[in-house]
2 protein chains.
Amino acid sequence: MVLRRSTGDHIVITHTDDFGLPTDPEHNVAGVALRAIADAAGCRDGFELRITKNIKPGSGIGSSAASACGAVVAANELLGRPFPRAELVEFAMAGEVVASGSWHADNLAPCIYGGFTLVRSTEPLDVVTLEHPRLYAAVIHPQIVIKTSEARSVLPREVPLKDAISNWSNLGAFVSALSSGDENLLSRSMVDTIIEPARQHLLPYYNDVRSAGLAAGAIGGGISGSGPSMFMLCRDLACAHDAAAAMAHALTPFDIEFLTYVSPVSRTGTAVM
Amino acid sequence: MVLRRSTGDHIVITHTDDFGLPTDPEHNVAGVALRAIADAAGCRDGFELRITKNIKPGSGIGSSAASACGAVVAANELLGRPFPRAELVEFAMAGEVVASGSWHADNLAPCIYGGFTLVRSTEPLDVVTLEHPRLYAAVIHPQIVIKTSEARSVLPREVPLKDAISNWSNLGAFVSALSSGDENLLSRSMVDTIIEPARQHLLPYYNDVRSAGLAAGAIGGGISGSGPSMFMLCRDLACAHDAAAAMAHALTPFDIEFLTYVSPVSRTGTAVM
């Protein structure tokens with residue numbers, strides 16, 4: 001993303017891709033986030049924002065969060081860095097709500113802070129950055145569309161207490177394993193008894209892709225966001241490439257186009273280049 | 001507790017207190033746990049076990065777990081320490097089920113390992129020991145009886161997903177805060193939106209005692225086990241004494257007898273003296 005101040009008081013957005021995202025700043029996540037930070041700084045300048053999205057919208061990898069975070073980090077730089085990261089997340093939330101319809105920071109917090117983050121609360125916002133070992137992610141993005149509204153509607157409104165307790169146990173163990181670097185515990189604790197079982201029928205390839213990634217040596221993985229993408233966490237880059245290849249191979253019989261990504265888990269978050 | 005081998009193949013239990021606990025080894029938590037470890041070691045010797053319980057049964061502080069753990073740690077010592085701690089927890093679970101009717105290690109795991117433990121799973125047993133800063137506990141034990149069956153029956157079988165998510169967030173933050181030693185985060189995350197709200201009407205003094213403990217400078221606290229005891233975590237011994245005194249003062253208008261306890265959070269667990 002490239003952000004410039006401009007004369008006048010308008011925000012002008014251009015896309016260098018052909019994903020058909022809105023350019024009206026009031027309906028664009030980056031535009032709304034940019035307006036939020038500029039208003040908070042008392043800045044009435046205009047801005048030109050050029051966006052090159054390398055990920056098709058609706059991936060489940062958080063591409064709308066990436067746009068919102070890019071806009072606020074760039075604007076904070078142009079304004080002389082008046083805001084700490086916690087506030088940048090809040091400005092980006094104003095943008096994210098345009099894309100997702102809900103006030104949440106699940107994608108924004110790791111995008112701003114880097115690494116693993118836990119959002120303890122959104123009102124007030126309370127982001128916890130988690131200690132973690134060096135890890136690598138493999139992601140497969142099947143080019144199908146799962147509507148966020150459908151991915152949400154399949155979630156139960158009530159869950160059995162015993163399943164809730166199981167997820168509490170695993171989440172606590174996951175946080176502890178990230179901190180201690182215990183890879184076996186990480187692997188055992190990456191189990192979700194509530195959300196994934198409810199959503200996996202939306203991803204017909206779920207079991208095959210997940211099994212293939214694990215068989216390739218990944219520590220654990222599952223649905224990325226609300227899908228359709230899936231991810232694996234791996235101990236090194238070679239394993240992440242293996243996991244991506246194995247997931248791709250497992251997806252082949254389903255005759256769905258896909259892209260794969262391999263990356264270290266960033267420790268820096270959104271950065272000015 | 002004092003454990004001796006004896007001639008014959010019987011377990012003989014004596015109590016030096018007057019709490020009226022069973023001495024039949026098949027109905028005594030320590031007796032059942034002792035039988036479990038002896039059987040696993042292929043030992044058919046008899047044992048004499050003398051128990052001095054300093055805590056009235058039904059406290060919510062885990063006194064039955066203490067008896068089960070004491071028996072297995074002592075027996076493991078007499079047998080030449082054949083079993084690692086994870087197995088000791090399993091033997092103790094056989095005893096605890098006699099007292100609580102359920103197969104769980106919530107009290108046993110910290111009693112054996114010391115410190116803070118997370119039981120990720122009971123079948124198979126998976127205990128995670130958590131890093132934590134030096135902390136002190138203040139406990140008040142009102143001398144009333146809350147039946148475990150009643151404390152369980154008030155728990156919902158299903159919980160709203162949003163409350164489950166709130167508890168996941170707080171639990172993850174709590175584990176992270178223990179690890180990093182972030183006292184403010186510990187305090188913010190010691191919030192339970194599911195179990196305490198369901199049980200607090202069984203403890204008419206809940207709000208007063210909790211508020212008093214926090215006002216005295218405790219980091220956080222709530223119901224210990226399924227009650228009637230309540231606890232506070234504190235950063236130092238002086239604060240723990242203040243919190244205990246404040247809880248005692250808050251309980252006075254309720255005209256209920258009580259005992260208070262102050263202790264560092266043990267790092268050693270059940271030990272042979």
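The text that follows walks through the structure, step by step, so that each part is easy to find.

Thresholds, definitions, all that
Residues numbered from 1 in each chain as written. Chains lettered and ligands numbered in written order. Predicted model: local features only at pLDDT ≥ 70, side-chain atom pairs only at ≥ 80, totals over all residues. Heavy atoms only, no water. Phe/Tyr/Trp six-rings, centres within 6.5 Å; stacked < 30°, edge-to-face > 60°. Helix = DSSP H or I, 4+ residues; strand = E, 2+ residues; numbered from the N terminus. Buried < 20%, exposed > 50% of the residue type's maximum accessible area, 1.4 Å probe, protein only. Polar contact = N/O pair within 3.5 Å; in protein donor to acceptor, adjacent residues only side chain to side chain. Contact = heavy atoms within 4.5 Å. Core = buried A, V, L, I, M, F, W, Y, C linked by side-chain atoms within 4.5 Å. Pairing = 2+ DSSP bridges. Axes fitted to C-alpha atoms, helices over the stretch in contact; angles between N-to-C directions. Least-squares fit on C-alpha atoms with pLDDT ≥ 70 in both. Parallel < 35°, antiparallel > 145°, perpendicular 65-115°, else oblique. Left-handed = near helix turned anticlockwise from the far one by under 90°. Nonpolar A, V, L, I, M, F, W, Y, C, P; charged D, E, K, R; others polar. Buried area = accessible area lost by both parts, 1.4 Å probe. Salt bridge = Lys/Arg side-chain N within 4 Å of Asp/Glu carboxyl O. Expected span 1.5 Å × (residues − 1).

This part covers the packing of aromatic side chains. Residues and elements named next belong to chain A. According to the stated counting rule, one finds six aromatic pairs over all chains in the structure shown. Aromatic pair Tyr-205 and Phe-254: ring centres 6.3 Å apart, planes at 80°, arrangement edge-to-face. With Tyr-205 in the loop between helix H8 (195-199) and helix H9 (206-215) and Phe-254 in the loop between helix H10 (237-251) and strand E10 (258-264), the pair connects residues that are 49 residues apart, well separated along the chain. Residue class for Tyr-205 comes out buried when judged on its relative accessible area of 0%. For Phe-254, a relative accessible area of 28% gives the class partly exposed.

Once that is clear, we can look at the environment of Thr-252 of chain A. All names here are of chain A. Examined against the element boundaries, Thr-252 turns out to sit in the loop between H10 and E10. C-alpha of Thr-252 to C-alpha of Val-272: the two residues are 20 residues apart in sequence and 38 Å apart in space. Of note is the side chain of Thr-252, whose polar atom sits 3.0 Å from the backbone oxygen of Ala-248.

In this section: the side chain of Asn-170 of chain A. By the secondary structure assignment, Asn-170 of chain A is in helix H6 (residues 161-180). A distance of 2.7 Å separates a polar atom in the side chain of Asn-170 of chain A from a polar atom in the side chain of Arg-120 of chain B. Leave out the neighbours within four places in its chain, and Asn-170 of chain A touches Arg-188, Ser-189 and Val-191 of chain A together with Arg-120 of chain B.

Soluble, globular proteins show a tendency: their nonpolar side chains are buried together. Formed by 38 residues in total, the largest nonpolar core has its most connected members in Leu-34, Ile-37 and Val-72 of chain B. Contributions of two or more residues to this core are made by strand E2 (11-15), helix H1 (29-40), strand E3 (46-51), helix H2 (63-78), helix H3 (85-100), helix H4 (108-113) and strand E5 (125-130) of chain B. Each residue touching Ile-37 of chain B, except ones within four places of it in the same chain, is listed here: Val-72, Ala-75, Asn-76, Leu-79, Phe-83, Leu-88 and Phe-91 of chain B. Counting residues in each nonpolar core, the second largest holds 34 residues, with Val-175, Leu-185 and Met-190 of chain A together with Ala-137 of chain B among its members.

Further remarks concern the sheet that holds strand E1 (residues 2-6) of chain A. Residue and element names in this part refer to chain A. If you walk across this open sheet you meet the three strands as E1-E3-E2, and the pairing is mixed. Because the sheet does not close on itself, it has two edges, and the strands there are E1 and strand E2 (11-15). Direction aside, neighbouring strands of the sheet carry axes that sit 15° apart on average. Across five bridges, the pairing between E2 and strand E3 (residues 46-51) is parallel. Residue pairing across strands places Thr-14 opposite Arg-50, the latter belonging to E3. Sitting on the sheet, helix H2 (residues 63-78) is in contact with E1 and E3, with an inclination near 50° to E1.

The next subject is the relation of the copies chain B and chain A. What relates the pair of chain copies is a rotation about an axis plus a shift along that axis. It takes a turn of 180° to lay chain B on chain A, together with a shift of 0.0 Å along the axis; the resulting RMSD is 0.0 Å. What we have between these two chains is a two-fold relation. Counting the interface residues of chain B, we find that 100% of their copies in chain A are interface residues as well, pointing to one common contact surface.

Before going further, it helps to examine unusual backbone geometry. Residue Pro-228 of chain A follows Gly-227 of chain A across a cis peptide bond; omega there is 5°. Within the secondary structure, Pro-228 of chain A sits in the loop between strand E8 (220-223) and strand E9 (230-234). With phi around 55°, Arg-81 of chain B is a residue other than glycine that occupies positive phi space. Among the structural elements, Arg-81 of chain B can be located in the loop between H2 and H3.

Summarising the element assignment, Thr-129 of chain B is placed in strand E5. Residue Thr-129 of chain B is classed as partly exposed on the basis of its relative accessible area of 45%. Remark: the alpha-carbon pair of Thr-129 of chain B and Gly-115 of chain B, spanning 14 residues in sequence, is separated by 7.6 Å. Apart from residues lying up to four places away in sequence, Thr-129 of chain B is in contact with Ser-176 of chain A together with Tyr-113, Phe-116 and Thr-117 of chain B.

Residue and element names in this part refer to chain A. Put simply, H9 and H10 touch, their axes get as near as 8 Å, and they point 150° apart. Here H10 runs roughly antiparallel to H9, going by the angle between their axes. As H9 runs across H10, the sense of the crossing is right-handed. Touching Asp-208, Val-209, Ala-212 and Gly-213 of H9 are Ala-243, Ala-246, Met-247, Ala-250 and Leu-251, all from H10. The class makeup of the residues in the contact of H9 with H10 is seven nonpolar, one polar and one charged.

To continue, consider the interface of chain B and chain A. Contacts between the two partners involve 30 residues from chain B and, on the opposite side, 30 residues from chain A. The junction of chain B with chain A conceals about 2,400 Å² of combined surface from both sides, 63% of it contributed by carbon and sulfur atoms. Broken down residue by residue, the surface that chain B buries against chain A is led by Arg-120, Leu-161 and Trp-168 of chain B, which jointly contribute 29%. One can count two salt bridges joining chain B with chain A.

What follows deals with the sheet that holds E10 of chain A. All names here are of chain A. Ordered by their spatial adjacency, four strands build an open sheet running E8-E9-E6-E10, and the pairing between neighbours is antiparallel. At either end of the open sheet lies a strand with only one pairing partner, and these are E8 and E10. Direction aside, neighbouring strands of the sheet carry axes that sit 15° apart on average. Sheet analysis places strand E6 (residues 136-142) next to E10, joined by seven bridges and oriented antiparallel. Note on E10: the bridge partner recorded for Ala-137 is Ser-263. Packed on one face of the sheet, H9 meets E6, E8 and E9 and runs near 15° to E9. Packing of H10 onto the sheet brings it into contact with E6, E9 and E10, and relative to E6 it is tilted by some 20°.

A separate point is the side chain of His-15 of chain A. Residues and elements named next belong to chain A. In this structure, His-15 sits in strand E2. One polar contact links the side chain of His-15 to the main-chain carbonyl oxygen of Pro-22, over a distance of 3.3 Å. For His-15, the side chain forms a polar contact with the side chain of Asn-28, separated by 3.4 Å.

Turning to helix H1 (residues 29-40) of chain A, a few remarks are in order. All names here are of chain A. For H1, which comprises twelve residues, the first-to-last C-alpha distance of 17 Å matches the rise-based estimate of 16 Å (1.5 Å per residue) to within 8%. Within H1, the full set of buried residues consists of Val-29, Ala-30, Gly-31, Val-32, Ala-33, Leu-34, Ile-37 and Ala-38. On its buried face, H1 sits against E1, E2, E3, H2 and helix H3 (85-100). Where H1 begins, the capping side chain belongs to Asn-28, and its oxygen is found 2.8 Å from the backbone nitrogen of Ala-30.

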